[in-house]
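# Structural description and commentary
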Amino acid sequence: MASSVYILPLSDVGAPQPAGSGSFISLPPPDEPYILRFQLSSISLVSRDGTLWCNVPKDLNTDFERETFYPYEITSDFHSSSNVDITILRPGAYAFYMTYLPINDYLEPLSIRKTVSARYHFTVAPCFFLDNKPLPLDALSIQSVVSKWLGPYDTWNDKMRNIKKKGYNMVHFTPLQQRGESNSPYSIYDQLAFDPQVFRNGEQDLRALVKSMEEDHKLLSMTDVVWNHTANNSRWLREHPEATYNIKTAPHLQPAYELDDALLAFSRSLRSLGLPTLLTTVDDLLRIMEGVKVHVLGAVRLWEFYVINVNKVSEQIVEAIQLKKYTVAANIPKQLSFQDKCKLFIDQTALRFTRLGDRFRKTVNIEKFSAILVAMMPENSTIQDYKAEATRILDEINLPFYREYDADSNEILEQLFNRIKYIRLDDHGPKLGEITERNPLIETYFTRIEVDGETLGLANNGWIWNANPLVDFASSNSKAYLRREVISWGDCVKLRYGRSPEDSPFLWQHMREYTELCARHFHAFRIDNCHSTPLHVGEYLLDSARKIRPALYVVAELFTGSEDMDKLFVERLGINSLIREAMQAWSVSELSRLVHRHGGLPIGSMSKPKLSNDVLIRSSPVHALFMDCTHDNETPAQKRTVEDTLPNAALVSMCACATGSVLGYDECYPHLLDIVNETREYTFDNGIGDIKQILNRAHEDTSLNGAEEMHVHHEGDFITVHRANARKGRGWFLIAHTKFYEGGGSGNLGTIKLQGTFAKSVLSCALVVKGEFQDSKTKLNGIPVEVVKLDEPQIVFNSMYGYSEVKLPEKFPPGSIALMQTWIPSAEESVDDYVASGAVDAVKDLNLIELNIVLYRCEAEERDMSDGKDGVYVVPNFGPLVYAGLQGFMSPLDVIIANNDLAHPLCENLRQGQWALDYVSGRLKKHVTMFPNLQPLVEWLESRFSAIRAVPSFLLPRYFALVIQTCYDACRRRAIEMFKTDYENFHVFFESLLMCSVQMIGETKSTSLYPKTNVACMAAGLPHFSRDFMRCWGRDIFISLRGLMLVPGRYNDAKEHILAFASTVKHGMIPNLLDAGRNPRYNSRDSVWFFMQVIQEYVKLVPGGESILDEEVARRFPLDDTWVHFEDPRAYSYKTKLIDIMQEILQRHARGIHFREHNAGPTLDMQMRDEGFNIDVWVDFEDTGLVFGGNQWNCGTWMDKMGESERAGNKGWPGTPRDGCAIEIAGLLKSALRFVNELRRSGKYKYDGVTTDTGHLVKFENWESTVQDNFERVFYVPEDPEEDVKYVINKQCVNRRGIYKDLFRSGKEYEDYELRPNFAIAMVVAPELFGTERAIGAIALADQIIRGPVGMATLDPSDLNYRPYYINSEDSDDFKTSKGRNYHQGPEWVWCTGYFLRAFLWFDLERKRTDIERTETLQQVYLRMKAHIEWIKSVPWAGLTELTNKNGEVCNDSSPTQAWSAATLIDLFKDVQILCGKKYA
C-alpha cells in the first residue's frame, strides 16, 4: 500500500499549480509506492462531466504507453476539494489532461461538446541501488570516458578499478558501437553491432563488462545514444536511402544540393580560374568570394528556384485565352488598384508557392488566371494587351520572391565568408591549409552515394547557432542548407524519421532495436545532440527503452538557449538531469554563481511541519549533472591554469546534484582531445585522483545524508561552500582558492566564523606543477603535477560567543583547498522532531474564545485587554504585524516559506535576536490568569523555544517558523474540530472563511453584550471596529450571525447575541450601536429586520432551536421607552419572552414609530442636522403592506454615510438617505411575516395579528398576502415599456429596465429607480416575492453591470452620482465625494456579493432539472468567487475586506477584514448544502 501522498493542486482549468515560483514538476523515486493526488478546488471549471486522464499505468504488469490515458472521474463538491489519486509505481515521463463540459456565459445554452485541456507533464525520477543500498541521483559521481582510448578489452577491468579508486560510482561511455570511417564514436557505422576490435565476442563481452562493473567495482554504467545521424558510410544507407534527407525524400533541398555541387566544382577550379588555393590573408578570401558570386551563384542561377517563369507562363495564359480554355470568372471587380489586382491573382491562382523545389516550381493556375484576367480587362483588349498585362502582373508577383532570393544570396555569401575565414585564417580555427580535392574550400553538406546507378546526395547532419530546436532544419520549414547556416559534420548523415513509423518504417524499427539493445545493458543514457532530436522520436525511443529498463536514468546537454524550451524537452522526454559544466565559467564570480545554482537550497531554508504524510509538491529547477569538465570542452590548462583543476573539482563535488568529470581532467591532461583523430590510450598515474576519491566520497555522503542546503561565499579568488543538513546538523565546509590565470589568485582570506558550528579538518592541500609537459606518441598523459599537503586550518571554538573560528595556514596558495566536516549540536534531528511534536495535545482543551486570543487580536484589541500596555509585534524594516496572535506571524511566514525568502525582515529580526520568541510565549503567559486553559500551550511554547534558543542564529528563522507553523496548524485544526458543521471535509477557502468566526468573536475589556457582564462579542470588522462602542453594530452582527455562528455550530454564542440584543429592544427597534447596552443608539430602520431574520434562521438551523422563542429576556429599558441609565433600578427590572418581543416589534411598526433620538445633538452625532435625529417608521396598510420610514436628513439603512465636509458643503447631507421603503426591508418584512404565519399554523405563535394606530386589526395572513400581491407591482421596472401599466412606473425616472427598484416612494423619486445590490437581499430571504424569469433577468443585468471581482458596486455606473473611489480623508470641494460621502455611491461592497450569489444560486437552480445542469449553476457561482479565494489567501489579515474601489482595486480606507464579508459567503455554502443536498456538500 502507498503510504505517502504528494499533493498537486490544479487550477480551475486543470493546470498544475505547484508551490514555489516555477512550473517544472519532478516527483521523487517510487522506492516505495506513493499516491499522487491531483487536487481541484471544489466546483472547478473542469468538474461538469469532467474526467482527468493520466497515462500512468495502474499496475506494474501494465506497460507504459504514452498515448494510453486512463480516466478518473472528477467529482463535484462545493465545500471540499475534489481529489484524484493515482499510485506512482515506477519512474518515467508522464502526462495528464482534462475533458469536461465547458462553462458558457450566464444564461447561454449549456455546452454539450466537451473541451479537451492542454496536456501537462511531470516526471518521476529513478533511483539506483548499489550494494543493496539506495543511491539517489544527487549522490551520483560520473566519470566520462571515450571508449576507444581505453585500450584492449582485457585492460578495461583495471581501468574500471582505477576509476572506482577515484570515488566515482558511474561510468559514462561514449558509444561502444562499431564506428564509421571517420573513427568518431559519434559516427556509428552499425547501431546493432558493438565495436568488434574491442568486443571480440560482441554483446557477450559487453554484458560481462557491465556485470563486473556493478558487482566487483560497484560502478553503474551510462552510454550515449545517437539518434539523429549515422556514419556517412553506414552500409544500410544504400539499402534505405528513404531514411535520409535527399532530393527524392526532401525535394526542397534541390537548390541546396546544386549549390553544394557548384561550390565543390568551384573549389576544384580555383587554380584554373587564377584564384589562390592557399589563403593567407583576408584579401585572398575576398578574391575567392568574388569568384563565388560569379562562378557559383551566377552560374547556378539560383533565382530560378524562387520565381515564376514569366515568359513561359505568360505564353500559356495567352494560349488559354486564344483557345478559350477557361470559364468566365464572375463577380470580379474591375476598379481595383494594381496592388489589389496582384493580391487577387495570388489568392485565387497561386500554385506551389509554399516551398522551394525544382526550378520554376512556383506557377499559377492558367485557366483561373486567364479567366480573371479576361474579366478584368476591357472587352476590346487584344492578345498583345493580355500578354502585356499578364507579364506585368507576374513580374509584380515575382518581386518579393526576387527580394527573398537577394536576402538569401547575401546570407549565403556571409555564411561562406565567415566559415572559410574560421577554418582557413582565424588563429582559433583549425587552419586547414591548402585547398585540394580532399580538402575542399568549404565542407560539403551532402554525402554522395550510388543507388541503382544514380548519384544521390544525402544531407549531412550538423548544428546551427541559436536555432529553434522544434524546427527540423532539414525540413521544408527551413532553408538552413541553402543559406549555408549549418555547421556540417561530414562524417554523419542526418536521419529522416518523418512524423511516425509509417513514414520511415525501417529507420524507426532499426533505431528502436538499437535503443533497446543499449537499455538492456546500461543503467543510463546520455542523449547526444538532444536539442536536434525530434521530440516525438525521442519520446518513442525512450518509451521503448523504459519498457526494458523502467529505472533508466536519462541525461542530456541542451543548447536551446531558453529555459522554457529546456523544460519542454525535459518534460516530454523525461530527462532526469541536464548537463552543466563548471569550466564554462569565465570568472571566479561566475563559478561561484554556478556552484550556488546547483548547490541546493540556502542553509536554514524553510520547511513545513509534518503533521501528516501529505506532501505539497513544489516546483523545482531541472536537476543538473554538474561536470567539472566535459569530453568536448577545453581543460583547465587551456582555459585557466593547471592548478585550478583542484579547486574547480572540489567546488563541483560540493553541489547538491549529480556530478561528473571527463577522464583526463583528474589526470591533468593539457588540452582537449580530438575525439575523431586521437588514437592513444588513457593513463592514470598523475593528477588529483587520490583527492578526487575524498571529494567524491564527501559528495556521496552529503547526498545520502540529506544535506540539501548550502551557503556559498565569494571573496576575491576564494570561494567557500558550506553544505549541510539543517535537520541533522551535519555537513561539510570547503575553502577553495582558485587560480583562473597565471599570476592571479593572490590575496588572503580573513578569519571565518561558523556560527554555532563545530568543525574538523579532513583535507588541506594544493596542486603544484612539477615540470614541463612531455608528450607521448603512444599514451595520453598529463602535465606533471603533485598534490602537496598543507598545514591544516586552525579551528577554535569560541564557547563564549558560540562559533568556530577558522584560520587558513600562512601558506595557502592559489590552487589550494581545505575541506572540513561540520556539525551543529543544537540542531540535531531529535530537536527537529521535538519541536514539531506535542502541539495537538497542548491545544486540545482550548475553546474558540481562547483560540481567538492565541491566533488573532489586532493592535486595538490587544491594547484593550492589556490596559494599553501591549500591542502587536513590530518587525524592523517591515512594520507592525496585523495580529498579536499566531496569524500575525503566519501571514508573513506563509510568504517567506513559499518563496524561501530568508532575506525577509522577519528572518533578519530573528537572526539578530530572540525577541519574537519572548513575545509569543510571554504574551500568552499574561493571558493565563483570565484564561487558564492557555497554560499547557504556554508550557509547550516555552519548552520548544528553549530547545531552539541554542541553534545558530542563521538557523533560528527556520526553527521559529517550524514552531509557529506547528502551533498554528494545531490551533486551526482544533477550531475546525469544534465547529459543529455537517461537512466531512473543507477545502482551504471554506476553512479560511470559517476561521473568520474565530477571528471576529472574542472578549474585550472595553465592551461586551451587557453593561456589567463581560462576555465575548462579535466585532463588525478589524481593526476599524474592534473595541468599545464601535465594536458591536446590530445590523452587522445579524447579517453576520448565520455565517459566523450558526453555520459553524456556535449555537450558544448565537443565542447570547440574539438575547442580548432582544434585551435592548426599544421603540420596536434594536440598537444600531450596542455599546454593551450602556448607551445604545437607535437610528437604523433595517437592523431589527435582520434581527428578526436571524431568529428565524436560529429556529430552523439549530437542533431544538424553537426553544429560544420561550427564553425570557431581561429588558434594558421600560416598556414605555423611557431612557434610563443601565444602573437605574428600572433597567433589567422585568422580563419578556423572545416570542413576545417579536410581536412587540411587529406591533410597534404597525402602530408607527415616531421618536427623537435620546441625547440628540452634536454630542451624539456632530455631523447630523437636527432633522436627522427624528425617527419615523410606519406601515402602508392601505396600499402595499410595506414598511416605510426615514427622511432626507438621516440614513437609516446600511448605506449610512453622512456628509462631513464643511469645505464641500455636504456636512449633514446623507450620501444615501434611502427614505421610503427600501427593497431589502420589504423582503425581510415578508420573510418575518411568513415565519410568524408558519409558527401560527403550528400553534407556536399565539398572536393573530397587529393593530394599527387607529385600532384596526390586521391579521398576519392578510398582511403577508398584501406584501406578496404588491411587491413586484411597486418594485419591478419591466423590460418592455408597454408593460408599465402593470406597475408603478414614472417613465421620466427610469434609467434602466429589467431591474428591481432600490426604493419605493423615497424623497427623491429618481433614487427609487437606481440599480443597487440590495434587491438580492430580498431575493434571498423572500424568493417567493419574485417571478422567476424576472428575477433571473435582473440577476443577469446586475451580474454584468454592478458585480465587481470581489464586491458589488453600490450604484449603477451609468448613474450620474456614480463615484467608485472611496477616500475618506479627501476634503475637497467636491460635494459628492469629499470626506467619503460617496461611501455607498459606487465602491464595491463585499458582503453584498454573498447575498447576490445566494440569489443567483436560488433562481438559477429554479430553472435546472438535472445534476449536470445543477453542477453548471455551482460552477457559475464558483467562478464569481475566484477573486475572494485569492484575496483571503494573499492578504495578511486572513479575511475579506469591507469594500474595494472600482473593479476590485484596493481601498485603503476599507476595514481589511469585515465580519459580514466572510459571513455571507459562508451562508452561500450553507445554501448549497440545503438546496443541492449532500451530493455537492
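Note: the structure precedes this text.
Worth saying up front: this structure is predicted, and the values here are computed from it rather than measured. (Residues numbered from 1 in each chain as written. Predicted model: local features only at pLDDT ≥ 70, side-chain atom pairs only at ≥ 80, totals over all residues. Heavy atoms only, no water.)

### Some points on the overall build of the chain
Filter applied, for reference: Secondary structure is summarised from DSSP: a helix means a run of H or I of at least four residues, a strand means a run of E of at least two, and numbering begins at the N terminus for each. Relative accessible area decides the class of each residue, using a 1.4 Å probe on protein chains only: under 20% of the type maximum gives buried, over 50% gives exposed, and in between gives partly exposed. Here the Shrake-Rupley method, with its probe set to 1.4 Å, supplies the accessible areas, and only the displayed protein chains count as covering residues. A positive count includes Lys and Arg, and a negative count includes Asp and Glu. His and the chain ends are not counted in either. By convention, charge coordinates are those of NZ in Lys, CZ in Arg, CG in Asp, or CD in Glu.
Across its full length, the chain carries 39 helices and 58 strands. Once the C-alpha set of the chain is aligned to its principal axes, its extents read approximately 130 × 110 × 65 Å. Counting only residues that meet the buried cut, the chain has 60% of its 1481 residues in that class. When the accessible area of the chain is evaluated, it comes to approximately 57400 Å², of which 48% is carbon and sulfur surface. Of note, the chain has its 162 positive side-chain charges centred 1 Å away from the centre of its 196 negative side-chain charges.

### Some details on the pairing of strand S16 (residues 220-225)
The criterion, for reference: Two strands qualify as a pair provided DSSP detects at least 2 bridges between them.
Taking burial as the measure, the six residues of S16 include six buried ones, the bulk of the element. Neither face of S16 is exposed, since Leu220, Met222 and Asp224 on one face and Ser221, Thr223 and Val225 on the opposite face are all buried. As paired strands, strand S13 (residues 170-173) and S16 are joined by four bridges and run parallel to one another. Paired with valine 171 across the strands is serine 221, a residue of S16. The pairing of S16 with strand S23 (residues 524-527) spans four bridges and is parallel. Along S23, the bridge assignment pairs valine 225 with isoleucine 527.

### Quick word on the side chain of serine 1231
Rules: What qualifies as a polar contact is a pair of N or O atoms within 3.5 Å, subject to a donor-acceptor requirement within protein and to the restriction that residues adjacent in sequence count only when both atoms come from side chains. The contact rule is simple, with two residues in contact once any of their heavy atoms fall within 4.5 Å.
Within the secondary structure, serine 1231 is located in helix H31 (residues 1223-1241). We classify serine 1231 as buried; its relative accessible area is 0%. A polar side-chain atom of serine 1231 sits 2.9 Å from a polar atom in the side chain of glutamine 1096. In this structure serine 1231 touches Gln1093, Gln1096, Val1325 and Ala1326, once residues within four positions along its chain are discounted.

### Notes on the sheet that holds strand S55 (residues 1352-1353)
Across the sheet, three strands lie side by side as S55-S56-S57; this open sheet has antiparallel pairing. The open sheet terminates on both sides in strands that have one partner only, identified here as S55 and strand S57 (1443-1444).

### Here we look at the packing of helix H7 (residues 338-349) against helix H8 (residues 366-376)
When two helices pack together, their arrangement is captured by the angle between the axes and the distance separating the axes. The cut-off we apply is this: A fitted line through C-alpha atoms serves as each axis, taken over the contacting stretch for helices, and the angle formed by two N-to-C directions is quoted from 0 to 180°. Between 65 and 115 degrees an angle is taken as roughly perpendicular, under 35 as roughly parallel, over 145 as roughly antiparallel, and anywhere else as oblique. It is the rotation of the near helix from the far one that decides the hand of a crossing: anticlockwise by less than a right angle makes it left-handed, clockwise makes it right-handed. Residues were grouped as follows: Ala, Val, Leu, Ile, Met, Phe, Trp, Tyr, Cys and Pro as nonpolar; Asp, Glu, Lys and Arg as charged; and all remaining residues, including Gly, as polar.
Remark: H7 packs on H8, axes separated minimally by 10 Å, with the N-to-C direction vectors making an angle of 150°. Classed by the angle they form, the pair H7 and H8 counts as roughly antiparallel. Relative to H8, the crossing made by H7 is right-handed. Only Lys368, Phe369, Ile372, Leu373 and Met376 of H8 make contact with H7, whose side of the interface consists of Lys341, Leu344, Phe345, Gln348 and Thr349. Across the contact of H7 with H8, the residue classes tally to six nonpolar, two polar and two charged.

### Topic: helix H26 (residues 988-1000)
A turn of α-helix holds 3.6 residues, and therefore any two residues three or four places apart point the same way. Inclusion rule: To estimate how far a helix should extend, the number of its residues minus one is multiplied by 1.5 Å.
The first and last C-alpha atoms of H26 sit 19 Å apart over 13 residues, in line with the 18 Å expected at 1.5 Å per residue. In terms of residue burial, H26 counts as a mostly covered element, since eleven of its 13 residues are buried. Buried residues of H26: Phe989, Phe990, Ser992, Leu993, Leu994, Met995, Cys996, Ser997, Val998, Gln999 and Met1000, and no others.

### Quick word on the packing of aromatic side chains
In plain terms, the rule: A pair of Phe, Tyr and Trp rings is counted when the ring centres sit within 6.5 Å of each other, with Trp represented by its six-membered ring. The angle between the planes then sorts it: under 30 degrees is stacked, over 60 is edge-to-face, the rest tilted. A ring is considered to have a charge above it if a Lys NZ or an Arg CZ atom is located within 6 Å of its centre and within 35 degrees of its normal.
The full count for this structure, using the stated rule, is 73 aromatic pairs. With a centroid separation of 5.6 Å and 40° between ring planes, the pair formed by tyrosine 873 and phenylalanine 889 is classed as tilted. Remark: phenylalanine 889 occurs in helix H21 (residues 886-899) and tyrosine 873 occurs in the loop between helix H20 (859-865) and strand S39 (874-875); sequence separation between them is 16 residues. Phenylalanine 889 matches tyrosine 873 in its accessibility class, with the two residues each being buried. Centroid distance tryptophan 1198 to tryptophan 1389: 5.1 Å. Interplanar angle 75°. Geometry classified as edge-to-face. Taken together, the positions of tryptophan 1198 in the loop between strand S48 (1187-1189) and strand S49 (1221-1222) and tryptophan 1389 in strand S56 (residues 1388-1389) put the pair 191 residues apart, joining distant regions of the chain. For the pair shown, tryptophan 1198 and tryptophan 1389 are each scored as buried. Through a chain of ring-to-ring contacts, three or more aromatic side chains come together here, namely Trp1178, Phe1188, Phe1271, Phe1275, Tyr1276, Tyr1287, Tyr1300, Phe1304, Phe1330 and Phe1403. One cation-aromatic arrangement involves lysine 494 over phenylalanine 473; the distance from NZ or CZ to the ring centre is 4.3 Å. Over the ring of tyrosine 1276 we find arginine 1334; its NZ or CZ atom is 5.9 Å from the centre of that ring.

### Looking at a negative patch on the surface
Put simply, the test is: Note on patches: the residues involved have over 30% relative accessible area and no salt bridge, like charges join within 9 Å, and the nonpolar side chains Val, Leu, Ile, Met, Phe, Trp and Tyr join within 5 Å. Any carboxyl oxygen of Asp or Glu within 4 Å of a side-chain nitrogen of Lys or Arg constitutes a salt bridge here.
Negative charge collects at one region of the surface, where Glu1279, Asp1280, Glu1282 and Glu1283 lie side by side. Along the chain, glutamate 1282 turns up in the loop between strand S52 (1276-1277) and strand S53 (1299-1300).

### Some details on the pattern of salt bridges
Scanning all chains against the criterion turns up 115 salt bridges. Ionic pairing is found between arginine 301 and glutamate 304, a salt bridge with its closest N-O pair at 2.6 Å. With relative accessibility at 39%, the residue arginine 301 sits in the partly exposed group. Notably, a salt bridge pairs glutamate 861 with arginine 1031, separated by 3.0 Å at the nearest N-O pair. Of this pair, glutamate 861 sits in helix H20 while arginine 1031 is found in the loop between strand S43 (1021-1022) and helix H27 (1034-1046), placing the two residues 170 residues apart along the sequence. Residue classification places glutamate 861 among the buried residues on the basis of a relative accessible area of 0%. Residues joined in a network through salt bridges with shared partners are Lys1100, Lys1230, Arg1234, Glu1238, Glu1264 and Glu1328.

### Focus: empty space enclosed by the protein
Take a probe with the size of a water molecule and roll it over the atoms, and the empty space left behind shows itself. For clarity, the cut-off: Both cavities and pockets are sets of points on a 1 Å grid over the protein atoms alone; in a cavity a 1.4 Å probe fits but cannot get out, in a pocket the set is open with protein on both sides within 12 Å along at least five of seven lines, and lining residues sit with an atom within 4 Å of a point. Grid points are joined across faces, edges and corners, and a volume is the space filled by probe spheres set on the points.
As enumerated under the stated definition, the model contains eleven cavities of 30 Å³ or more in all. Of the voids in this model, the largest cavity is the one considered here, and its volume is about 130 Å³. Along its surface, the largest cavity is lined by 16 residues, and His631, Val662, Leu663, His671 and Leu673 are the ones closest to its centre. Residues belonging to the lining of the largest cavity are distributed by class as follows: ten nonpolar, six polar and no charged. Here the second largest cavity defines a volume of roughly 70 Å³. Sorting the residues of the lining of the second largest cavity by element identifies strand S12 (141-145) and strand S28 (624-627) as the ones contributing at least two each.

### With respect to the packing of helix H23 (residues 915-927) against helix H24 (residues 935-948)
Orientation of H23 relative to H24, taken along the N-to-C sense of each, is 160°, at an axis distance of 9 Å. Considered as vectors, H23 and H24 are oriented roughly antiparallel to each other. Of the two possible hands of crossing, H23 and H24 adopt the one that is left-handed. Here Leu917, Val920, Ser921, Leu924 and Lys925 of H23 lie close against H24, whose contacting residues are Leu937, Val938, Leu941, Glu942, Phe945 and Ile948.

The values reported here are purely geometric and, on their own, carry no functional implication.
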